[in-house]
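What follows is each chain in one-letter form.
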Amino acid sequence: MEAQMRIILFLMVMISSDTEAEKNLTSTEGGSITLRYPLVELGFLLRGIKNVAMVNEKKMQILEDNYKNRLHWDNNTGFFTITGLQRSDSGIYTFDSKKGTTPSTSYKLTVYESVSTPAVKRLSVSAESCILLCSVEKAEETTLLWYKDKEILNQSSSALSLLLTVHKQDSNSSYSCVAANPAEKKTLPVNITTSCSEQNNTDNSDDTNTRYYFVTGIIISIVLAEFVVLIAIIAKKKCLNKTKTTIRQTQDLVNTDTDVYYTVCKYLVTDAFRTSEPHKKMILRSQR
């Protein structure tokens, strides 16, 4: 029994020596990453189950078109570097060395979207406190954080903005807003003395007044447009009514003229008939 346990333990040690633990790597779109495995002789670089590249006789051949002009190999160290990273490059990369003695290593690569640079805006200021807003344009996989002297005061994941209230007694501290993901972070230092100055109230008031006048102008334009449309509809209705009246009067006039014409024609025919009677009698007498 003891001999069997020793054999099992030996096999476990051999397996663990041949394969190292998976290593996590992170980067951002457009960046680069180096896989630090010394593949200097015959072997393959794989992503999942697909062969990405092959090394043979001190030369590297790219087998996947997507990596052409982006995958580079150092023939001295055997390291591979991927440049111009894309989100689709995320995955597990392994090495299959046919001659090397280095244990096989797996790299789990995750490519993130680049972090937006944060911007800070003051929302309000009073005698006691100041309210600041930190925001980013893109929030996917991004965490926003407010720092005070390297201490996290507030944070939010996948949010476009994050508020912070600064009290007057804390205005001498150092503040910063940070946008970060697992691969990258961008920091914006905030000068509280400048950002929360009472003098900046005028600027904010001007901005508020400008927005007010802008919105008011839009509303007035909409009302005027509706008024013009209403006037046009009323004018159109009056025009239609006038046209109908004119048509009706014209029809009445035509009907009247027809009646007169018919009466005159009837009179002339009747008169002609009456006039022709004596002539008929004279013709008959002459025939006799």
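If you're wondering where the values come from, they're calculated on a predicted model, not measured in any experiment.

(A) How the structure looks around the overall build of the chain. Within the chain, the secondary structure is distributed over three helices and 16 strands. Burial statistics for the chain: of 288 residues in total, 23% are counted as buried. As displayed, the chain has an accessible area near 20300 Å², and 57% of this comes from carbon and sulfur atoms.

(B) Up close: the nonpolar core. By size, the foremost hydrophobic cluster in this structure holds 20 residues, and its most contacted members are Leu 45, Leu 71, Phe 80 and Phe 95. Elements that contribute at least two residues to this core include exactly β2 (33-35), β4 (50-56), β6 (71-73), β7 (80-82), β8 (91-97) and β9 (106-112). Counting 17 residues, the second-largest nonpolar core is a separate cluster that includes Val 115, Val 125, Leu 132 and Ala 179.

(C) Spatial organisation of the state of the cysteines. One pass over the structure, following the stated rule, counts two disulfides. Through a disulfide, Cys 130 is tied to Cys 196; the S-S separation comes to 2.1 Å. Judged by the sign of its S-S torsion, about -80°, the bond between Cys 130 and Cys 196 is left-handed. In this pair, Cys 130 sits in strand β11 (residues 129-135) while Cys 196 sits in the loop between α2 (192-195) and α3 (201-287), placing the two residues 66 residues apart along the sequence. Note on Cys 196: relative accessible area 7%, which makes it buried. Covalent S-S linkage joins Cys 134 and Cys 177, the inter-sulfur distance amounting to 1.7 Å. Negative torsions about the S-S bond denote left-handed disulfides, and the value of about -70° found for Cys 134 with Cys 177 makes this one left-handed. Residue Cys 134 is located in strand β11, and its partner Cys 177 is located in strand β15 (residues 175-181); the two are separated by 43 residues in the primary sequence. In this structure, Cys 134 and Cys 177 share a single accessibility class: buried.

(D) Local environment of the environment of Ile 192. Its location among the elements puts Ile 192 in helix α2. Taking the C-alpha atoms as reference, Ile 192 lies 5.9 Å from Ser 171; in sequence the two are 21 residues apart. Setting aside anything within four residues of it in sequence, one finds Ile 192 in contact with Leu 132, Val 166, Ser 171, Tyr 175 and Ser 197.

(E) Looking closely at the sheet that holds β9. Reading across from one edge, β1-β9-β8-β3-β4-β5 is the order of the six strands in this open sheet, with mixed pairing throughout. At either margin of the open sheet sits one strand with a lone partner, and together these are β1 (23-28) and β5 (59-62). The sheet shows a mean angle of 20° between the axes of neighbouring strands, taken without regard to direction. Sheet analysis places strand β3 (residues 43-47) next to β4, joined by five bridges and oriented antiparallel. Bridging from a neighbouring strand, Leu 46 pairs with Asn 51 of β4.

(F) Molecular detail of the pattern of salt bridges. Per the counting criterion, the structure on display carries seven salt bridges. Notably, a salt bridge pairs Asp 89 with Arg 70, separated by 2.8 Å at the nearest N-O pair. Here Asp 89 is found in the loop between β7 and β8, whereas its partner Arg 70 is found in the loop between β5 and β6, with 19 residues between them in sequence. Exposure remark for Arg 70: the relative accessible area of 9% places this residue in the buried category. One salt bridge connects Glu 140 with Arg 87, and the closest N-O pair in it is separated by 3.9 Å. A residue pair is termed long-range when its members are at least 10 positions apart, and Glu 140 in the loop between β11 and β12 (143-148) and Arg 87 in the loop between β7 and β8 qualify at 53 residues.

About the thresholds
- Residues numbered from 1 in each chain as written.
- Predicted model: local features only at pLDDT ≥ 70, side-chain atom pairs only at ≥ 80, totals over all residues.
- Heavy atoms only, no water.
- Helix = DSSP H or I, 4+ residues; strand = E, 2+ residues; numbered from the N terminus.
- Buried < 20%, exposed > 50% of the residue type's maximum accessible area, 1.4 Å probe, protein only.
- Areas by Shrake-Rupley, 256 points an atom, 1.4 Å probe, with all protein chains shown as cover.
- Core = buried A, V, L, I, M, F, W, Y, C linked by side-chain atoms within 4.5 Å.
- Disulfide = S-S within 2.5 Å.
- Contact = heavy atoms within 4.5 Å.
- Pairing = 2+ DSSP bridges.
- Axes fitted to C-alpha atoms, helices over the stretch in contact; angles between N-to-C directions.
- Salt bridge = Lys/Arg side-chain N within 4 Å of Asp/Glu carboxyl O.

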